[in-house]
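Remarks on the overall topology
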Amino acid sequence: MTADVVVVGDALIDELRDERGVREFVGGAALNVAVGLSRLGHSAALIAMVGEDADGARVRTYLSTFGVTLIATPSPLGTARAISERINGEPTYIFNNASKNRSIVFGSAERDAILSARAVVVSCMALDDPAQVMGLRAALDGSDADLFIDPNPRAGMMRDRDEFVRGFEALIARARLVKVGDDDTELLYNSRVEPVRGWLRERGVPVVVSTLGRDGARIDTEDVAVERGIAHMPGAVVDTMGAGDAVLSAMVSWTLTATQPVDWAAGLERAMDVAAATVRHEGALLQIPAQPGESYDRIET
C-alpha cells in the first residue's frame, strides 16, 4: 500500500498513573502523528519498532482501526512502554528497556514507502544513533517528499545528547518544516526556544513552528512571523499529552493541502484549534474541533 505521508519514529504503550489509578493508552509521538494525519484525511504509514507481544498486538489493532499502515522493525525486547506518574504536579516518565533501545531498520519496505510518499515526518526517532540517521538519510536520497521534523527528545530515552543534536542537525538542511518546543530546546541546547528558532531559520529551514506551552505557538517563515495563543473552547483541559503532536499533525496537513501561497497564519490558528480540542480528552488521540453549531458528541470525539 502506498501512503501519502510516512511517519518515522516511536510507537509504545503509555501507562498513566495518578490519583484515579492506572490507565493505558496506545501512544508514542510518531504514532500519534500518523493517526492524527489519518483522522485529518491523509493516507498514512508508520515506520516504527514494535514487538511481537501483547502490547505490540494492541499497537497493531489501534493503527488498523484508524487506517494507518504499520511497517514494523521487530523488537527483541518487546514493545516500548512509558510509565507516566501524574501525582501532585508535573508528570514524570519511566521508560522500559525497549524504549531506551528503540531502533528502526531501513530495509526495502521502508525505503519503498519513503520513495513513494509525498511527505515524510520524523518524530521522536533515536537521532542519537548514527546508524539510524544514516539509514534515514539514505532512504531519503532520490525522494521528492517534503520532510517534516520534530526532534521530540525524551531525557529518559536519550543515550547521548551531543549525538542526538548531531543527528538532528544532519537532517534539517533537507527539511520543509521543523517543529521545536521550549522543552526540546532546553534539553538539547540549554536554551529557550527563541534563539533556536532564529538559528534554524538562518540555517535555511523554510518554516519553523515553535510551541511555547501555555503561551501558545509561533510560526516563522521568510515572509511571516506570527504568534497564536492557546485556543479557547468549551470544557476543561483534561490531558496535555498530545498537544504538540496535534500541532505537528495539523501543520503537516495544512502544508500538504493549502493553496499557494500558503496562508501560514491561518494554518497555525487551525493547529491551535486542533490542539485545544485534543487536550480536552484523556490520551493523545487527535481530536477535530466541532464546527459552529455542532456538538463534540456528534463527531464522536
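Residues numbered from 1 in each chain as written. Predicted model: local features only at pLDDT ≥ 70, side-chain atom pairs only at ≥ 80, totals over all residues. Heavy atoms only, no water.

Overview of the overall build of the protein chain
Scanning the protein chain from terminus to terminus reveals 10 helices and 13 strands. In terms of C-alpha radius of gyration, the protein chain reaches 18 Å, essentially the compact-globule figure of 19 Å for 301 residues. Over its C-alpha atoms, taken along the principal directions, the protein chain stretches across nearly 50 × 45 × 40 Å. For the protein chain, with 301 residues in total, the buried portion stands at 54%. A separation threshold of at least 6 residues defines the contact pool for the protein chain, and within that pool the share at least 24 residues apart is 68%. Working note: accessible area of the protein chain is about 13100 Å², and carbon and sulfur atoms make up 49% of it. (Helix = DSSP H or I, 4+ residues; strand = E, 2+ residues; numbered from the N terminus. Rg over C-alpha atoms; globule rule 2.2 N^0.38 Å. Buried < 20%, exposed > 50% of the residue type's maximum accessible area, 1.4 Å probe, protein only. Contact = heavy atoms within 4.5 Å. Areas by Shrake-Rupley, 256 points an atom, 1.4 Å probe, with all protein chains shown as cover.)

Remarks on the packing of helix H9 (residues 243-257) against helix H10 (residues 264-278)
The interhelical angle for the contact between H9 and H10, taken along N-to-C directions, is 145°, at an axis separation of 8 Å. You can see that H9 and H10 cross each other, and the crossing is right-handed. Contact residues: H9 offers Ala243, Ala246, Val247, Ala250, Met251, Trp254 and Thr255, while H10 offers Trp264, Ala266, Gly267, Leu268, Arg270, Ala271, Met272, Val274, Ala275 and Thr278. Here the residues of the contact of H9 with H10 are counted per class, giving 13 nonpolar, three polar and one charged. (Axes fitted to C-alpha atoms, helices over the stretch in contact; angles between N-to-C directions. Left-handed = near helix turned anticlockwise from the far one by under 90°. Nonpolar A, V, L, I, M, F, W, Y, C, P; charged D, E, K, R; others polar.)

Looking at the environment of phenylalanine 164
Along the chain, phenylalanine 164 turns up in helix H6 (residues 161-171). Residues phenylalanine 164 and phenylalanine 106 lie 58 residues apart in sequence; the distance between their C-alpha atoms is 19 Å. Here phenylalanine 164 is in contact with Arg102, Met125, Leu127, Asp128, Pro151, Pro153, Met158 and Leu188, once residues within four sequence places are set aside.

With respect to the nonpolar core
The biggest cluster of nonpolar side chains holds 44 residues, and the ones touching the most others in it are Val7, Leu31, Leu46, Val59, Val121, Ile219 and Met251. What valine 121 contacts, discounting residues up to four positions off in sequence, is Val5, Val6, Val7, Val8, Val33, Leu37, Phe148, Leu248 and Val252. One finds Ile104, Ala139, Val193 and Leu200 within the second-largest nonpolar core, a separate group that totals 38 residues. (Core = buried A, V, L, I, M, F, W, Y, C linked by side-chain atoms within 4.5 Å.)

Concerning the pattern of salt bridges
What the rule picks out here adds up to 19 salt bridges. Between arginine 166 and glutamate 163 there is a salt bridge whose closest N-O contact spans 3.1 Å. Residue arginine 166 and its partner glutamate 163 are both found in helix H6; the two are separated by three residues, about one turn of the helix. In this structure, glutamate 194 and arginine 192 form a salt bridge, with 3.2 Å as the shortest nitrogen-oxygen distance. Judged by its relative accessible area of 60%, arginine 192 falls in the exposed class. Here the residues in one salt-bridge network are Glu15, Arg17, Glu24, Asp55, Arg58, Arg81 and Glu85, joined through shared partners. (Salt bridge = Lys/Arg side-chain N within 4 Å of Asp/Glu carboxyl O.)

A few points about the sheet that holds strand S12 (residues 217-220)
The nine strands are arranged S5-S4-S1-S8-S9-S10-S11-S12-S13 in an open sheet whose pairing can be described as mixed. The sheet is open, and its two borders are formed by strand S5 (69-74) and strand S13 (225-228), each paired with just one other strand. Across the sheet, the mean angle separating the axes of adjacent strands is 15° when strand polarity is ignored. Note that strand S1 (residues 5-9) and strand S8 (residues 119-123) share five bridges and pair parallel. Across the sheet, residue valine 6 finds its bridge partner in S8, namely valine 120. On top of the sheet, helix H2 (residues 54-65) reaches strand S4 (44-50) and S5; it is set at about 180° to S4, its chief contact. (Pairing = 2+ DSSP bridges.)

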